[in-house]
Amino acid sequence: MIPDPLLHWLGYPAAVLTTLAFVPQAWLTLRTRNVSGISALTYVAFTVGVTLWLIYGWHEQDWALIVANAVTLPLAASILVTKLREDARVRRSHAERRPH
């Protein structure tokens, strides 16, 4: 059994590691705009989940959750917006090429 004070501090390295693990993928996606391998539905669920974790962390005043999700949320939302815009652009492009 892990003592409560130690358990509380486990949240900080967990938050740092999971957030840092996400940053390179977010950076690459936003830089290249290549969203072909990304599921919009997955990113909707992920972005909503991060938002809920942020709200929960705020309610609990858990700074590990607050900081990690406050950093991850704009990155996830940016990828989601990029995905939705690129998908819409591709749909428009295909529609313009079809004979009327």
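Residues numbered from 1 in each chain as written. Predicted model: local features only at pLDDT ≥ 70, side-chain atom pairs only at ≥ 80, totals over all residues. Heavy atoms only, no water.

Trainee: Let's hear about the side chain of Thr19: which residues, and what values?
Mentor: Its place among the elements puts Thr19 in helix α1 (residues 4-32). We classify Thr19 as buried; its relative accessible area is 9%. Thr19 has contacts with Ala68, Val71 and Thr72, leaving out every residue within four places of it along the chain. (Helix = DSSP H or I, 4+ residues; strand = E, 2+ residues; numbered from the N terminus. Buried < 20%, exposed > 50% of the residue type's maximum accessible area, 1.4 Å probe, protein only. Contact = heavy atoms within 4.5 Å.)

Trainee: Any chance you could break down the packing of α1 against helix α3 (residues 63-97) for me, citing the residues and the numbers?
Mentor: Packed helix pairs are characterised by how far apart their axes lie and by the angle those axes make with each other. Contact geometry for α1 and α3: axes closest at 9 Å, N-to-C directions at 15°. Of the possible angle classes, the one that applies to α1 and α3 is roughly parallel. You can see that α1 and α3 cross each other, and the crossing is left-handed. Contacts between α1 and α3 pair Gly11, Tyr12, Ala15, Thr19, Phe22, Val23, Ala26, Thr29 and Leu30 from the former with Trp63, Ala64, Ala68, Val71, Thr72, Leu75, Ala76, Ser78, Ile79 and Thr82 from the latter. (Axes fitted to C-alpha atoms, helices over the stretch in contact; angles between N-to-C directions. Parallel < 35°, antiparallel > 145°, perpendicular 65-115°, else oblique. Left-handed = near helix turned anticlockwise from the far one by under 90°.)

Trainee: Before we move on, could you go through the packing of aromatic side chains and cite the residues and values that matter?
Mentor: Tallied over the full model, the rule gives 5 aromatic pairs. Summarising the aromatic geometry, the rings of Trp9 and Tyr12 are spaced 5.0 Å apart at their centres and angled 35° between planes, so their arrangement reads as tilted. Within this pair, Trp9 and its partner Tyr12 are both found in helix α1, separated by 3 residues, close to a single helical turn. Judged by its relative accessible area of 27%, Tyr12 falls in the partly exposed class. When the centroid spacing of 6.5 Å and the interplanar angle of 70° are considered together, the rings of Trp58 and Trp63 count as edge-to-face. With a relative accessible area of 43%, Trp63 lands in the partly exposed category. The rings of Phe22, Tyr43 and Phe46 are connected pair by pair, giving a single aromatic cluster. (Phe/Tyr/Trp six-rings, centres within 6.5 Å; stacked < 30°, edge-to-face > 60°.)

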